[in-house]
Protein chains: 2
Amino acid sequence: VEIAIPIFERITALDAIGPYEVLSRLPGTTVHFLGVAGAGPVRTENGMLGLHADGSLADLPRPDVIVFPGGYGTRALTSDDTVLEWVRTAHVGTRWTTSVCTGALVLGAAGILDGLEATTHWLLLDRLAGFGAHPVSRRVVEQGKVITAAGVSAGIDMALSLAARIAGDELAQGIQLGIEYDPHPPFTGGSTASAPPEIVELVRRRANELA
Amino acid sequence: VEIAIPIFERITALDAIGPYEVLSRLPGTTVHFLGVAGAGPVRTENGMLGLHADGSLADLPRPDVIVFPGGYGTRALTSDDTVLEWVRTAHVGTRWTTSVCTGALVLGAAGILDGLEATTHWLLLDRLAGFGAHPVSRRVVEQGKVITAAGVSAGIDMALSLAARIAGDELAQGIQLGIEYDPHPPFTGGSTASAPPEIVELVRRRANELA
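Fair warning: this is a prediction, and the values are worked out from it, not measured in the lab.

(A) Main features of the relation of the copies chain B and chain A. Of the transformation placing chain B onto chain A, the axial shift is 0.0 Å and the rotation is 180°, giving an RMSD of 0.0 Å. The transformation relating the two chain copies, once decomposed into turn and shift, fits a two-fold axis. When C-alpha positions in chain B are compared against the rotation axis, the closest is assigned to Leu51 of chain B, at 2.4 Å.

Here it is, written out as structure tokens:
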């Protein structure tokens, strides 16, 4: 199984690394980090981390699985014809086409979410309607072979479900135990449904300042 | 707040990236990825991903926080005097000295866990006794300023608690909502306490094959 994870300037690292950590543990699977601007280093949105792209999108035109991660850098990609054309062409042959967080904006801009239910980071959920998608506030949304996950950490849950689809429940359970994914978040407010309104407002304000 | 995350060949990426994704969102905080063999690229244990170390351990002798991640590569570090000496010296001045997964083996080899309760990946938990620590099967173990987390994904929970200690509950809750950490694992068996015995055996067998 050949898995493509496109990476780019101003990526959110956990969007990519969560699914990578799960899917790279599937037997006979290779995860390829592909730079949308070619092979070489990319920096995360805060500039604190460099990830290395071993190849370019052109190096893997026919992946079995796409995981498109998010981050501020996705805004520029929604009008990058080379990226959108790669997504469209690759999608024709994939078994699964997936996104994490604002990676959904790129799938949307490529036309893949048209008419489908889809999700993304809660701060950007409304934007999906602009691509003809039906925005759904759920952690993971599956529509045929197209799976979109909510913000950042949701990619881990998405990837574990995907691992089960690809290789069966037993192996996926093994991976979950291998990465000791028995989450105990210190607070209950990890979603807008459960967070206190003032915390939702705090995050919204901070995001507006950054944007 | 200056946070040091040492990185090295055969690291487990999520051990480092989980805490980074949380702690880098604290205001006035910089996360430094420091290569134990100097600045430059390091590869994860499966070889599929390159992370870039912007500096060396020597570049940051007095961090406020250490997060030591795990991975197969930690075995070699437990006898690397340069690394152990950096950990010992830095630990004197830290506000928090922490580890994720088998990063605890390095803290242990540096003598920091002697007499303390500590945890690590469940497959290696017994090893901690060799460093004078009391192994505890818990997701996060706090002993004064020394915090150890269990395997891989436990670093996210640990970092959120740590964020609350550093900057208060409100900001930590904001970070948890920002990364939408409202986990819904597809299976219940993310710990040895909850996993079916045959899955525990499967993971143990696979780890032995890899080792």
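(B) Layout of the pairing of strand S7 (residues 96–100) of chain B. Residues and elements named next belong to chain B. With respect to burial, S7 is a largely interior element, 5 of its 5 residues being buried. Of the two faces of S7, the one holding Trp96, Thr98 and Val100 and the one holding Thr97 and Ser99 are both buried throughout. Note: strand S6 (residues 65–68) against S7, 4 bridges, orientation parallel. What sits directly across from Phe68, in S7, is Ser99. Strand direction decides the pairing type here: S7 and strand S11 (residues 146–149), joined by 4 bridges, are parallel. Residue pairing in the sheet places Thr98 in a bridge with Ile147 of S11.

(C) Expanded view of the environment of Gly144 of chain A. Within the element layout of this structure, Gly144 of chain A appears in the loop between strand S10 (140–143) and strand S11 (146–149). It is 9.5 Å that separates the C-alpha atoms of Gly144 of chain A and Thr97 of chain A, two residues lying 47 residues apart in sequence.

(D) Quick look at the sheet that holds S10 of chain A. Residues and elements named next belong to chain A. Judged by pairing direction, the sheet is mixed, and its 7 strands sit side by side in the order S5-S2-S1-S6-S7-S11-S10 without closing on themselves. Two strands in the sheet have a free side with no partner beyond their single neighbour: strand S5 (55–56) and S10. Pairing geometry for strand S1 (residues 2–7) and strand S6 (residues 65–68), over 2 bridges, is parallel. Of the residues in S6, the one forming a bridge with Ala4 is Ile66.

(E) Quick look at the interface of chain B and chain A. The interface is formed by 65 residues belonging to chain B together with 65 residues belonging to chain A. Roughly 5,600 Å² of surface becomes buried between chain B and chain A when both sides are summed, with 61% attributable to carbon and sulfur atoms. Linking chain B to chain A there are 4 salt bridges. Across the salt bridge formed by Asp54 of chain B and Arg43 of chain A, the nearest N and O atoms sit 2.6 Å from each other. The interface formed by chain B and chain A contains 38 residue pairs in polar contact (both at pLDDT 80 or more). Contributing elements (two or more residues each) for the side of chain B that touches chain A: helix H1 (13–23), strand S2 (30–35), strand S4 (50–53), helix H5 (154–167), helix H6 (169–178) and helix H7 (197–210) of chain B. It is H6 of chain B that provides the largest number of residues to the side of chain B that touches chain A, a total of 8 residues.

(F) Layout of the sheet that holds strand S5 (residues 55–56) of chain B. Residue and element names in this part refer to chain B. The mixed open sheet is built from 7 strands, whose spatial order is S5-S2-S1-S6-S7-S11-S10. Of all strands in the sheet, those with a lone pairing partner are S5 and strand S10 (140–143), marking the two edges. Strands strand S1 (2–7), S2, S6, S7 and S11 of the sheet are contacted by helix H3 (residues 81–93), whose axis makes an angle of about 145° with S6. Against the sheet, H5 makes contact with S6, S7, S10 and S11, and its axis sits at roughly 165° relative to S7, the strand it touches most.

(G) Looking closely at the side chain of Thr44 of chain B. Of note, Thr44 of chain B is situated in the loop between strand S3 (40–43) and S4. Within polar-contact distance, the side chain of Thr44 of chain B engages the side chain of Tyr20 of chain A at 2.9 Å.

(H) Region of the structure containing the pattern of salt bridges. Evaluated as defined, the whole model comprises 15 salt bridges over all chains. For Glu45 of chain B, the salt bridge is made with Arg25 of chain A, and the minimal N-O distance between the two is 3.9 Å. With Glu45 of chain B in the loop between S3 and S4 and Arg25 of chain A in the loop between helix H1 (13–23) and strand S2 (30–35), this pair bridges two chains. Overall, the relative accessible area of 21% leaves Glu45 of chain B in the partly exposed class. A network of salt bridges, in which partner residues are shared, links Glu21 and Arg25 of chain A together with Glu45 of chain B.

(I) Seen up close, the packing of aromatic side chains. In total, this model carries 4 aromatic pairs over all chains according to the counting rule given. Ring geometry for Phe8 of chain A and Phe68 of chain A: centres 6.0 Å apart, planes at 25°, overall stacked. With Phe8 of chain A in the loop between S1 and H1 and Phe68 of chain A in strand S6, this residue pair connects regions lying 60 residues apart in the sequence. Classification of Phe8 of chain A as buried rests on a relative accessible area of 1%. Here the aromatic rings of Tyr20 of chain B and Phe33 of chain B are separated by 5.5 Å at their centres, their planes lie at 55°, and the arrangement is tilted.

(J) The arrangement of the packing of H1 of chain A against H1 of chain B in detail. Where H1 of chain A contacts H1 of chain B, the two axes come as close as 10 Å, and the packing angle between them is 150°. Compared by their axis directions, H1 of chain A and H1 of chain B come out roughly antiparallel. Regarding H1 of chain A and H1 of chain B, the two cross each other, and that crossing is left-handed. In this structure, H1 of chain A contributes Ala13, Leu14, Ile17, Gly18, Tyr20 and Glu21 of chain A to the contact, and H1 of chain B contributes Ala13, Leu14, Ile17, Gly18, Tyr20 and Glu21 of chain B. Residues belonging to the contact of H1 of chain A with H1 of chain B are distributed by class as follows: 8 nonpolar, 2 polar and 2 charged.

(K) The arrangement of unusual backbone geometry in detail. Residues and elements named next belong to chain B. Residue Cys101 is not a glycine yet carries a positive backbone phi of 60°. Relative to the elements of secondary structure, Cys101 occurs in the loop between S7 and helix H4 (103–109). Unusually for a residue other than glycine, Val152 sits at a positive phi of about 40°. Structurally, Val152 can be placed in the loop between S11 and H5. The class of Val152 is buried, set by a relative accessible area of 2%.

Criteria and thresholds
Residues numbered from 1 in each chain as written. Chains lettered and ligands numbered in written order. Predicted model: local features only at pLDDT ≥ 70, side-chain atom pairs only at ≥ 80, totals over all residues. Heavy atoms only, no water. Least-squares fit on C-alpha atoms with pLDDT ≥ 70 in both. Buried < 20%, exposed > 50% of the residue type's maximum accessible area, 1.4 Å probe, protein only. Helix = DSSP H or I, 4+ residues; strand = E, 2+ residues; numbered from the N terminus. Pairing = 2+ DSSP bridges. Contact = heavy atoms within 4.5 Å. Buried area = accessible area lost by both parts, 1.4 Å probe. Salt bridge = Lys/Arg side-chain N within 4 Å of Asp/Glu carboxyl O. Polar contact = N/O pair within 3.5 Å; in protein donor to acceptor, adjacent residues only side chain to side chain. Axes fitted to C-alpha atoms, helices over the stretch in contact; angles between N-to-C directions. Phe/Tyr/Trp six-rings, centres within 6.5 Å; stacked < 30°, edge-to-face > 60°. Parallel < 35°, antiparallel > 145°, perpendicular 65-115°, else oblique. Left-handed = near helix turned anticlockwise from the far one by under 90°. Nonpolar A, V, L, I, M, F, W, Y, C, P; charged D, E, K, R; others polar.

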